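Residue strings, one per chain:
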Amino acid sequence: MIPVSIIVPVYNVERYICRCIDSILNQTFVNYELILVEDGSPDNSAYICDEYAKSDERISVIHKENGGLSSARNAGIDAAKGEYLFFVDGDDVIHPNTLNIFYNCIKKNNSEIVVSNFERFQDDSEIVFNGTYGDFEMISGICALERIYDNRYDTRYISVCGKLIKRTLFEGIKFPLGRIFEDEFIIHLLFYKSERVLVFESKFYYYYMNREGITGNLTLQKWFDEYDAQWARILFFKERGLDIVYHKALLTFLNSAQWHLKAFRDKTENVDEMRGRNFEKQYESVLRLAQKENILSFWEHYDYYVLGNPKKVWYYRIKRIVMNGIKRLESIFRKL
């Protein structure tokens, strides 16, 4: 069996795909297959991929009709022969020692996923490969789930890119078609199936801040996919009794969704009304679940209450005024 299958979706990246492929071919680890999934790209990406395939027998190219990022990744997974999968987006690059370090560590430590830090860049001149790697940390899959909601780790636990993942974890799991934020629909499933996750603090993945890319042009309509993913994770954690991460997921949804909910109600953008109403119901449901779990403070989370119960706005305002008055009276009596 091939140790590692590298899967690169390719669409409209003719300006960047060469540096991406070159960073893979420059790996000190050489025993891998590189699967370039050309997703019906209208530019010269297909030609570039085919030329690379002619020069290296480890490279194969899948040409398919455009189906989106999820469809391309799924096609790559289906074609992969490796024991482990490694995903790279077509405009990103990886450190020359990434696969060598990841593969050796994952085998020696009998883990299922390797996670590392990443560096964002906007220009090639900003790519500086660090020569030191530091120590790694071994955590459980449940701990990795909790870190999805820890701001100290940015988004490194959300994306599948830059992670070495045992291929068997993908059994029964596919990226959702027609969605953006596609990683957020499946990453929790992969971590949940993992017993041991190996984590590097060092940066091995270099993420290109492409303003023309999918996440560089987000609309309110596109954000609905994000909240569908968050809602699916909330239900997943609730059903399995993972209380700590369940509570984190509830609070994250309420906090991150409040401005988008306000934008939907204020009609700041034209969106699918049915999806918007579904998003609104999700927010109200999450609020009720959070209240049931007793993880909300009326004072600290006042805005959540108001947004989640628009018909009770005046009730909450009066309640806050009364509670403020009681606090002042208590303060006066304590001074007497």
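In this text, all values refer to a predicted model and were calculated from it rather than measured experimentally. (Residues numbered from 1 in each chain as written. Predicted model: local features only at pLDDT ≥ 70, side-chain atom pairs only at ≥ 80, totals over all residues. Heavy atoms only, no water.)

### What about the packing of helix H7 (residues 220–239) against helix H8 (residues 243–265)?
Orientation of H7 relative to H8, taken along the N-to-C sense of each, is 160°, at an axis distance of 10 Å. Between H7 and H8, the interaxial angle falls into the category roughly antiparallel. Of the two elements, H7 crosses H8, and the hand of that crossing is left-handed. Counted together, Leu220, Trp223, Phe224, Tyr227, Gln230, Trp231, Ile234, Phe237 and Lys238 of H7 and Val245, Tyr246, Ala249, Leu250, Thr252, Phe253, Ser256, Ala257, His260, Ala263 and Phe264 of H8 form the full contact between these two elements. (Axes fitted to C-alpha atoms, helices over the stretch in contact; angles between N-to-C directions. Helix = DSSP H or I, 4+ residues; strand = E, 2+ residues; numbered from the N terminus. Parallel < 35°, antiparallel > 145°, perpendicular 65-115°, else oblique. Left-handed = near helix turned anticlockwise from the far one by under 90°. Contact = heavy atoms within 4.5 Å.)

### Some details on the packing of aromatic side chains
The full count for this structure, using the stated rule, is 26 aromatic pairs. Seen from their ring centres, Tyr157 and Phe191 are 6.2 Å apart, and the 55° between their planes marks the pair as tilted. One end of the pair, Tyr157, is in the loop between helix H5 (141–147) and strand E8 (164–166); the other, Phe191, is in helix H6 (residues 187–192), with 34 residues separating them in the sequence. The same class applies to Tyr157 as to Phe191, namely buried. (Phe/Tyr/Trp six-rings, centres within 6.5 Å; stacked < 30°, edge-to-face > 60°. Buried < 20%, exposed > 50% of the residue type's maximum accessible area, 1.4 Å probe, protein only.)

### Quick notes on H7
With 20 residues, H7 should cover 28 Å at 1.5 Å per step; its first-to-last C-alpha distance of 29 Å lies within 8% of that length. Leu220, Phe224, Asp225, Glu226, Tyr227, Asp228, Ala229, Gln230, Arg233, Ile234, Phe236 and Phe237 are the residues of H7 that are buried. Those residues of H7 that are buried lie in contact with H5, H6, H8 and helix H9 (273–292). Gly241 sits one or two positions beyond H7 and adopts a positive phi of about 70°. (Expected span 1.5 Å × (residues − 1).)

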